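Chains, contacts and geometry: an overview
Below are the chains, spelled out letter by letter.
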Amino acid sequence: MILTLAGGVGAARMLAGLMQVVPHDRLSAVVNVGDDLELHGLRICPDLDTITYTLAGAINPETGWGLVDETWQARTMLEQYGGISWFGLGDRDLGTHLYRTQRLREGADLTTVTAEIARAWGLSIRLLPVTEDALRTRVTLAADDPAGPDSPGLSAGTEISFQEYFVQRHHSVPVSAVRFAGAEEARPAAGVLEAIDAATTVVIAPSNPLVSIAPVLAVPGVRDAVIARREETIAVSPIIAGTALKGPADRLLRELGHEPSVVGIARLHRDLAATLVIDEADADSAAAVEAEGMRCVVAPTIMSTPERAAALARVVIGERP
Ligand code: GDP
Ligand code: CA
């Protein structure tokens, strides 16, 4: 089994690469739920859905989230009512959230429902939400944020939910703290610790280390389980030449006191992973990464095509090109 610790887009691309080079029934992922939200009475799991839709070949290629060939009639109605419309839920996507919410209400657990949804998309990879319990990433603003068209003004020091930061405020406001509400009481979902223990390789996807990987590790027992597998754990840097390909990872690193570089990534992951894959653009930093106590592999890491994703996957599972 190749087990991947996963956020959203960066992990989805990594898993799509792994699916090309590893039999699908040998792939599993432990996925962040810190981004999850309840909206319109529905349970929405953005990282699980980004992975499922991407691996099914149904992700919207323009946005990187949501479904391809989407329509927005429900959102238009919400706007007409003055309801909450800043979190875009397309008509097709809503079907996923309706199904999930109904199944949870019936008493099914999220792990089971996630497997049902994956199977319905024809996927045989095992997707495990890290916990069944409520774990919610929350963000404290470092500066006043004026009101926008879709968002009220907030003052510095206010704590908001992850999606109010990421989607409603387009992650454009500086942050002074991130915490994972409920993490201390959360328990790993069934199968999570066993999957980490049993994996031949543990992959830390090139996901945001502070808001995608950190909440997964914050569930008691998960970090220790990964540390116990340090020799077999390999991380891929989401930071290339000091910047994130997408999203606020570089800014968040700086704002929260980390170096936005592959060396900063090495410092965050060195207790967990023996090896860090960095991009060719950062080849000059390989020695500095090794000085942090990790083996360093230099490879092309921008998964802009299926071929590039497969090539990176081969590096991750230890096949040399
Ligand atoms: P989110 O939950 O959808 O925001 O996504 P993740 O946390 O999984 O991933 C976001 C991070 O993935 C960003 O920091 C990106 O730089 C990184 N990322 C996205 N695509 C790639 C890629 O092809 N290669 C690498 N190395 N990083 C990527
Ligand atoms: Ca996410």
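Values in this document were obtained by computation on a predicted structure and should not be read as measured data. (Residues numbered from 1 in each chain as written. Chains lettered and ligands numbered in written order. Predicted model: local features only at pLDDT ≥ 70, side-chain atom pairs only at ≥ 80, totals over all residues. Heavy atoms only, no water.)

**Comments concerning the site of ligand 1**
Using the following cut-off: Neighbouring residues are identified by heavy atoms, a residue being near a molecule or strand if any of them is within 4 Å of it. In protein, a polar contact requires one atom able to donate a hydrogen and another able to accept it; more generally it is a pair of N or O atoms within 3.5 Å, and residues adjacent in sequence count only if both atoms are side-chain atoms. Accessible surface area values rest on a Shrake-Rupley calculation with a 1.4 Å probe, where residue burial reflects the displayed protein chains alone. Each helix is a run of H or I in the DSSP string that is no shorter than four residues. Each strand is a run of E no shorter than two, and both are numbered from the N terminus. By the convention adopted, Pro, Cys, Tyr, Trp, Phe, Met, Ile, Leu, Val and Ala count as nonpolar, Lys, Arg, Asp and Glu as charged, and the other residues, Gly among them, as polar.
Around ligand 1 lies a shell of 22 residues, among which Pro206, Ser207, Ser212, Leu245 and Thr301 are the nearest. Asn208 places a main-chain nitrogen or oxygen 2.8 Å from an oxygen atom of ligand 1. Ser212 is positioned with one of its side-chain polar atoms (N or O) 2.6 Å from an oxygen atom of ligand 1. Burial of ligand 1 by the protein chains amounts to 93% of its free accessible area of 600 Å². The element best represented in the shell around ligand 1 is helix H1 (residues 9–21), accounting for four residues. Residues belonging to the shell around ligand 1 are distributed by class as follows: eleven nonpolar, eight polar and three charged.

**Thoughts on the environment of Ala266**
When you line up the elements, Ala266 lands in helix H11 (residues 262–269). Counting along the chain gives 98 residues from Ala266 to Gln168, while the straight-line C-alpha distance between them is 31 Å.

**A few points about the domain arrangement of the protein**
Quick reminder of the rule: Either an automatic procedure or a domain database provided the assignment from which the domain bounds are taken. The contact definition used throughout considers only heavy atoms, calling two residues in contact when any of these lie within 4.5 Å. When a carboxyl oxygen of Asp or Glu is within 4 Å of a side-chain nitrogen of Lys or Arg, the pair counts as a salt bridge.
Parsing the protein into structural domains produces domain 1 (2–133 + 185–316) and domain 2 (136–181). For domain 1 and domain 2, the distance between their C-alpha centroids amounts to 22 Å. Listed as interface residues are 20 residues of domain 1 and, on the opposing side, 19 residues of domain 2. There are zero salt bridges connecting domain 1 and domain 2. Taken together, domain 1 and domain 2 are joined by five residue pairs in polar contact (both at pLDDT 80 or more). Breaking the side of domain 1 that touches domain 2 down by element, the ones donating at least two residues are helix H8 (209–217) and helix H10 (249–255).

**Observations regarding the packing of aromatic side chains**
Selection rule: Each Phe, Tyr or Trp ring, with Trp reduced to its six-membered ring, pairs with another whose centre is within 6.5 Å; inter-plane angles below 30 degrees give stacked pairs, above 60 give edge-to-face pairs, and intermediate values give tilted ones. Exposure classes here rest on a 1.4 Å probe applied to the protein chains alone. A residue is buried below 20% of its type maximum, exposed above 50%, and partly exposed in between.
Following the criterion strictly, the structure yields five aromatic pairs and no others. With a centroid separation of 6.0 Å and 85° between ring planes, the pair formed by Trp86 and Phe87 is classed as edge-to-face. Side by side, Trp86 and Phe87 carry an identical accessibility label, which is buried. Relative to Phe166, the ring of Phe162 has its centre 5.1 Å away and its plane inclined at 20°; by these criteria the two rings are stacked. Taken together, the residues Phe162 and Phe166, both in helix H6 (residues 162–168) and four residues apart, mark about one turn of the helix. With relative accessibility at 4%, the residue Phe162 sits in the buried group. Every member of this aromatic cluster is reached through a ring pair, and the members are Phe162, Tyr165 and Phe166.

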